[in-house]
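Understanding the architecture of this molecule
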Amino acid sequence: MTNYETDERTLRLAYYILDKKTTIRATAKAFNIPKSTVHHDLSTKLKYINYPLYKAIKRLLDENFSIKHIHGGESTKLKYEKLKSEINKNDIYEVNNF
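Rules used throughout
- Residues numbered from 1 in each chain as written.
- Predicted model: local features only at pLDDT ≥ 70, side-chain atom pairs only at ≥ 80, totals over all residues.
- Heavy atoms only, no water.
- Core = buried A, V, L, I, M, F, W, Y, C linked by side-chain atoms within 4.5 Å.
- Buried < 20%, exposed > 50% of the residue type's maximum accessible area, 1.4 Å probe, protein only.
- Helix = DSSP H or I, 4+ residues; strand = E, 2+ residues; numbered from the N terminus.
- Axes fitted to C-alpha atoms, helices over the stretch in contact; angles between N-to-C directions.
- Parallel < 35°, antiparallel > 145°, perpendicular 65-115°, else oblique.
- Contact = heavy atoms within 4.5 Å.
- Phe/Tyr/Trp six-rings, centres within 6.5 Å; stacked < 30°, edge-to-face > 60°.

**Some thoughts on the nonpolar core**
One finds Ala14, Ile17, Val38, Leu42, Leu46 and Ile57 to be the most contacted residues of the largest nonpolar core, which totals 14 residues. At the level of secondary structure, the elements contributing two or more residues to this core comprise helix H1 (3-20), helix H2 (24-31), helix H3 (35-49) and helix H4 (51-96). If one sorts the elements of this core by residue count, H4 sits on top with 5 residues.

**Some details on the packing of H1 against H3**
The contact between H1 and H3 brings their axes to 9 Å, and the two run at 105 degrees. Viewed along their axes, H1 and H3 adopt a mutual orientation that is roughly perpendicular. Facing Thr6, Asp7, Arg9, Thr10, Leu11, Leu13, Ala14 and Ile17 of H1, the residues of H3 in contact are Thr37, Val38, Asp41, Leu42, Lys45, Leu46 and Ile49.

**What to know about the packing of aromatic side chains**
Within the structure shown, the criterion is met by 2 aromatic pairs. Look at tyrosine 51 and tyrosine 54: their rings are 5.7 Å apart centre to centre, the planes differ by 35 degrees, and that puts the pair in the tilted class. A residue pair is termed a helical-turn pair when its members lie 3 or 4 positions apart in one helix, as tyrosine 51 and tyrosine 54 do in helix H4 at 3 residues. What makes tyrosine 51 partly exposed here is its relative accessible area of 45%. A residue is classified by how much of its surface remains accessible, and tyrosine 54, at 9% relative accessible area, is buried.

See below:
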């Protein structure tokens, strides 16, 4: 890719993440590129392309980073609640079939 193409991709990623308020992972999935590429473009290259946009992205990414432990905890809680309900369904099924 030429420098122009990577700059254009970086700007498209930045505007997408600001418009949709998505995470790096979701942005990478939407553009079908590795999340490391998204992170590198937004945290390194964008600073030299458009500094005010970089500051806005940095604020959003810092906010996402500060709450990611909450999302991880919620996901783990849901996982174990689902496992517990599946176990309870199996126990009820086995008892009724005796």
